[in-house]
Structures are given as C-alpha cells and as structure tokens.
Amino acid sequence: MRSLRLLAPRVMSAGLRSAGARTFMASARRMGAVAEPDFDFNTFSQEATSSEARAEIEAMRGVHRELMKKFKIEEAKANAPEIDWAYYAERVKSSDVAAEMKAAYAATPEFKVTTDSADIEKDFDVMIASAEEAGVKSQQAIKDLEASLLAIEADSDYANITVDSALEKDPELKAEIEAEIAKKEWYSGE
C-alpha cells in the first residue's frame, strides 16, 4: 500500500494523464495499493469481458511498466536494507519500543493482489461481519451513554446548585473542608 502513496502523486505529476493512467490510478485507489510486480496482467486480461476492457488493461500494464522503470521500484526493493533491530534496541531509551516496533513490523501482512473472487468475497464477508458487530456495539454504547446523560440531568439542577447543597450531598468532602478550616490550612499556591 505504501507504493501507491509514493507513486500516486508522481503518476499525475509525471504527465501520465492518458485513459490508461487514469484507470490505473482509479483501480489502485480502490484497491488501496498499486499492483505488485508479480501481478498477473495476462490472467487479469482474460477475465475482461470486452475488447475495450482488455485495451484498458494493456494500457494499465504499460503505465505499470513505465512507473516501475521510472521510479526503479524493483531496484529499490532489491537494495532495501534490512532493519537493524539491535541497533535501535541499543539506542532507543526504552528498549520496549524497538521490540514493539519489530513485532508490529513482523505482523504486518504482505499485500498481494488476487483475482480470485472467492478470496475477495471471503475477506469482505469477514470485514462486513466485523463492521456489523462494531455497529451493534456502537449503537448499544450510544444508548447507554444517552441513558447515563438523562440520569445525570434528572439527578441535578446545575442552574440552582449552591455550595451548601453540594456539600450536603457529599458529607466526606464537607468534613474534610471543615477540618482544613479548623486547622487554618489554606491553599498557598505552591
């Protein structure tokens, strides 16, 4: 996904404003990432139902090749240095931070493009179920908060509250204040 964020502004600023480039960018935005080098354009093209769609896929393949060459993506991937986690564990004051970042990095899944609709539907089913569950929980939390707010509003008359009435509701606070007054303990601002 990071590759899209790096390449997207460059695609349009590089003068790649053809229909293929626009299609490529629109597809990449919807997918959330640019197609990886192992993306099988041939299989993808075979899934197309019209000659116009195949032509757009070929244009997208050309834009993809052009971007890969222009920004030397393959070279950058091949020459990317490994992260020296020991270096960061030594130099970061809290060594837990380096360990947590290493664990998060290792847990980050590698983005792969798939054209298998069963995989896509399975992933969407999981996301939809999760979103629906979160929606139910959110609706319940909203109801609970609204009920709490109504209870608070019913229990208090903020416009007419006085110090005496507030202290009558909290005898411990009243006793603490009276003890401080008796000892002549005043706030000193220190």
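About the thresholds
Residues numbered from 1 in each chain as written. Predicted model: local features only at pLDDT ≥ 70, side-chain atom pairs only at ≥ 80, totals over all residues. Heavy atoms only, no water. Helix = DSSP H or I, 4+ residues; strand = E, 2+ residues; numbered from the N terminus. Expected span 1.5 Å × (residues − 1). Buried < 20%, exposed > 50% of the residue type's maximum accessible area, 1.4 Å probe, protein only. Arc of directions from axis to C-beta. Salt bridge = Lys/Arg side-chain N within 4 Å of Asp/Glu carboxyl O. Phe/Tyr/Trp six-rings, centres within 6.5 Å; stacked < 30°, edge-to-face > 60°. Patch = residues over 30% accessible without salt bridge, like charges linked within 9 Å, V, L, I, M, F, W, Y side chains within 5 Å. Areas by Shrake-Rupley, 256 points an atom, 1.4 Å probe, with all protein chains shown as cover. Lys, Arg positive; Asp, Glu negative; His and termini not counted. Charge placed at Lys NZ, Arg CZ, Asp CG, Glu CD. pLDDT = per-residue confidence, 0-100. Contact = heavy atoms within 4.5 Å.

### Examining helix α10 (residues 171-182)
So, step 1. Taking 1.5 Å per residue, twelve residues should reach 16 Å; α10 reaches 16 Å between its end C-alpha atoms and fits that length.
So, step 2. One or two steps after α10, the chain reaches K184, where phi turns positive at roughly 60°.

### Section: helix α4 (residues 51-70)
An α-helix turns once every 3.6 residues. As a result, residues three or four positions apart point the same way.
So, step 1. With 20 residues, α4 should reach 28 Å at 1.5 Å per residue; the first-to-last C-alpha distance of 28 Å fits that figure.
So, step 2. All of the buried residues along α4 are I57, M60, R61, V63, H64, L67 and M68. Seen end-on, α4 carries its buried residues on one side only, within an arc spanning 165°. Residues of α4 that are exposed and point over 90 degrees away from its buried face: S51, E52 and K69.
So, step 3. At the exit of α4 stands K72, carrying a positive phi of roughly 50°.

### A look at the pattern of salt bridges
So, step 1. Per the counting criterion, the structure on display carries four salt bridges.
So, step 2. Between E90 and R91 there is a salt bridge, and its shortest N-O distance comes to 3.3 Å. Each member of the pair, E90 as well as R91, carries the same accessibility label: exposed.

### Describing the packing of aromatic side chains
So, step 1. Counted by the stated rule, this structure contains two aromatic pairs.
So, step 2. Ring geometry for W85 versus Y105: centroids 5.9 Å apart, planes at 55°, classification tilted. Taken together, the residues span a long stretch of sequence, with W85 in helix α6 (residues 85-91) and Y105 in helix α7 (residues 95-107) at a distance of 20 residues.
So, step 3. For the ring pair Y87 and Y88, a centre distance of 5.1 Å and an interplane angle of 90° mean the geometry is edge-to-face.
So, step 4. Owing to a relative accessible area of 36%, Y87 belongs among the partly exposed residues under this scheme.
So, step 5. Under the relative-accessibility criterion, Y88 is labelled partly exposed at 42%.

### Some points on a negative patch on the surface
So, step 1. Residues D170, E172, E176, E180 and E185 make up a contiguous surface patch of negative charge.
So, step 2. Accessibility expressed as a relative area gives 43% for E185, which makes it partly exposed.

### What about unusual backbone geometry?
Across residues other than glycine, the phi torsion is negative in most instances, and most of the peptide bonds are trans.
So, step 1. One non-glycine residue, K184, lies in the positive phi region at around 60°.
So, step 2. One can find K184 in the segment after α10.

### Examining the confidence of the model for the protein
So, step 1. When pLDDT is averaged along the protein, the result is 75, and 72% of the positions lie at 70 or above.
So, step 2. The secondary structure element of the protein with the lowest average pLDDT is helix α1 (residues 2-13), at 44, and the one with the highest is α10, at 91.
So, step 3. This stretch, residues 1-17, has a pLDDT under 50; its non-local contacts, to residues over four places away or in other chains, come to 27 contacts.
So, step 4. This stretch, residues 32-37, has a pLDDT under 50; its non-local contacts, to residues over four places away or in other chains, come to 23 contacts.

### Describing the environment of V163
So, step 1. Tracing the backbone through its elements, the reader meets V163 in helix α9 (residues 163-169).
So, step 2. Note on V163: relative accessible area 60%, which makes it exposed.
So, step 3. When the C-alpha positions of V163 and K174 are compared, they lie 9.8 Å apart, and in sequence the two are eleven residues distant.

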